[in-house]
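Structure at a glance
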Amino acid sequence: MRADEVRACAEWLYRKFRSMGLATEVHRTAKHPVVVARNEHRPDRPTVLIYGHYDVQPEDPVEEWTRPPFQPEIVDGRIYARGATDNKGQIFAHICGVEETLRETGELPVNLTFLIEGEEEIGSPNLAPFLVAHRELLKCDVVAVSDTGMVAPGVPTMTYGTRGVAALEVMVDGPASDLHSGIFGGAVANPIAVLTRLMASLHDENGRVAVEGFYEEVAPLQDWEREEWAALPVTDEDWLRNTGSPAVFGEAGFSTVERVWARPTLELNGIGGGFQGVGTKTVLPRRAFAKITCRLVPDQQAEAVLEKVERHLRQHCPDSVRMKVERGHSGAAYLMDPRSEFGLAAQRALATTFGKKAALTREGGTLPILEAFREILGVDTLLLGLALPDCHAHAPDENFPVENFEAGIRLNRALLAELGGVGRQGETETRRRGE
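Residues numbered from 1 in each chain as written. Predicted model: local features only at pLDDT ≥ 70, side-chain atom pairs only at ≥ 80, totals over all residues. Heavy atoms only, no water.

**Let's talk about the overall build of the chain**
Quick reminder of the rule: Each helix is a run of H or I in the DSSP string that is no shorter than four residues. Each strand is a run of E no shorter than two, and both are numbered from the N terminus. Our radius of gyration looks at C-alpha atoms and nothing else; its globule reference is 2.2 Å times the residue count to the power 0.38. Think of it in three bands: with a 1.4 Å probe and only protein chains considered, a residue is buried below 20% of the maximum accessible area for its type, exposed above 50%, and partly exposed in between. Should any heavy atoms of two residues lie within 4.5 Å, those residues are counted as being in contact. This count recognises Lys and Arg as positive and Asp and Glu as negative, with His and chain-terminal groups excluded. Each charge is placed at NZ for Lys, CZ for Arg, CG for Asp and CD for Glu.
Assigned secondary structure in the chain consists of 13 helices and 18 strands. Radius of gyration (C-alpha) of the chain: 24 Å, near the 22 Å computed for a compact globule of 435 residues. Each principal axis of the C-alpha distribution contributes one length, and for the chain these read about 80 × 50 × 45 Å. Expressed as a percentage of its 435 residues, the buried residues of the chain come to 51%. In the chain, once contacts between residues fewer than 6 apart in sequence are set aside, the share between residues at least 24 apart is 80%. Considering the chain, the positive charge centre built from 47 side chains and the negative charge centre built from 64 side chains are found 2 Å apart.

This is the structure in structure tokens:
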């Protein structure tokens, strides 16, 4: 769907990079193309790979946008459009930063590779195979990504960890077809009633996951992290203002940011069954279903967690219905050391750009490609987000502050300058290991 429009984005990037003097290739995949652009690489400079994606979420529901989603418009200092933040605005800031540097100096302080794909919003199914097939072309010392957020306006933010994800769907079947609830009600089990009891059994009354062994492999928070996060300009009132919820809720013993950034969750994403129309229809439904995702933290393994959740559901499911569990997509949690040489260089670049110390955070969402970069290319990723909490990514009226876009251009220039001084390819990791 809309493959021609997605491909047009790749073609636009190809022309843009070529106009900047970068060697550019558009690589076909099984679905959408990958665009790779490079300057002339020198052996005495570190190599930086900047990753982004040109695909976006669908604009639905269109009727809730206050302006056309694919006609960018600046209103009150913000760019409104689908992809303004996720990820066209953020990756374009990097492109503009490189373009400015090349125009002014004719060269870059690092070996640079842009890698921009068109399938991130569907889980990047073809990117890991692309990395494997082009490992030599994409060889680098570090990856930089701006596809995350800032903790608050004007606060430079480096994200050094993300949660993983593991998905499953539960189907509960009862009778062979919908039944008259007056004639058959009380004689056979209602799949919706059974399913809702199953779903309620997954948590205790305080929000802690009640699945046996769910927390066994969870890596504990470090003391320095709890101290760092407690000092951030983020309050429960901020969460409530951005979510519209009447109160915060979650696992006891942890602050809101600790629960979102560093604790695992089990969330009920959708539930259905029976009559959904207007008015009343007295049926006893034949089936009910629920969709579940678990957010994982470092040391948790997706398959092990899904196995525990499925075991819990089967242990609690009565014989009066048939239950089927289907496992869905998964992605690993990611964690890097922000005190590495590249991490410190990124923090200096953020401080230079915004005039204040960078906040160190983790991200509650999942970026599966980070683990692929580590496993296939053998490098860490610097997450330097420019999005604000109220950017409406994936929602109507997605927006990106013009000042953040301009800051992103400055950040790119400061980042490449800092990374250029870290060390030659291969030497930095050796020093980091103390060899």
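Once the structure has been displayed, the description carries forward.
**Overview of the sheet that holds strand β5 (residues 78-80)**
The line we're drawing: At least two DSSP bridges between two strands are needed for those strands to be called paired. To get an axis, a line is fitted to the C-alpha atoms, and for a helix only the part in contact is used. The angle between two axes follows their N-to-C directions and goes from 0 to 180 degrees.
Spatially, β4-β5-β18 is the arrangement adopted by the three strands of the open sheet, whose pairing is antiparallel. Of all the strands in the sheet, the pair left with one neighbour each is β4 (73-75) and β18 (399-401). Across the sheet, the axes of successive neighbouring strands diverge by a mean angle of 30°, strand direction being ignored. Here β5 pairs with β18 via three bridges, running antiparallel. Bridge pairing in β18 links tyrosine 80 to asparagine 399.

**A closer look at the packing of helix α10 (residues 341-354) against helix α12 (residues 402-420)**
Selection criterion: Should an angle lie under 35 degrees it is considered roughly parallel, over 145 roughly antiparallel, and from 65 to 115 roughly perpendicular; all remaining angles are considered oblique. A clockwise turn of the near helix away from the far one marks a right-handed crossing, whereas an anticlockwise turn of less than a right angle marks a left-handed crossing.
One way to put it is that α10 packs onto α12 with a least axis distance of 8 Å and a crossing angle of 140°. Between α10 and α12, the crossing angle belongs to the class labelled oblique. In the packing of α10 onto α12, the handedness of the crossing is right-handed. Mapping the contact onto sequence places Phe342, Ala345, Ala346, Arg348, Ala349, Leu350, Thr352, Thr353 and Phe354 in α10 and Ala407, Arg410, Leu411, Ala414, Leu415, Glu418 and Leu419 in α12.

**Side note on the packing of aromatic side chains**
Quick note on the threshold: Aromatic contacts are taken between Phe, Tyr and Trp rings whose centres are within 6.5 Å, Trp giving its six-membered ring; a plane angle under 30 degrees counts as stacked, one over 60 as edge-to-face, and the others as tilted. Note on geometry: a ring has a charge over it if NZ (lysine) or CZ (arginine) is within 6 Å of the ring centre and within 35 degrees of the ring normal.
Scanning the entire structure with this criterion turns up seven aromatic pairs. Consider the rings of phenylalanine 92 and phenylalanine 405, whose centres lie 6.0 Å apart with planes at 20°: the pair is stacked. With phenylalanine 92 in helix α2 (residues 88-105) and phenylalanine 405 in helix α12, this pair connects stretches of sequence that are 313 residues apart. A network of ring pairs unites the aromatic residues Trp12, Phe92 and Phe405 as a single cluster. Above the plane of the ring of tyrosine 80 lies arginine 67, whose end atom (NZ or CZ) is 4.3 Å from the centre. Across from the ring centre of tyrosine 215, 3.9 Å away, lies the NZ or CZ of arginine 208, which sits over that ring.

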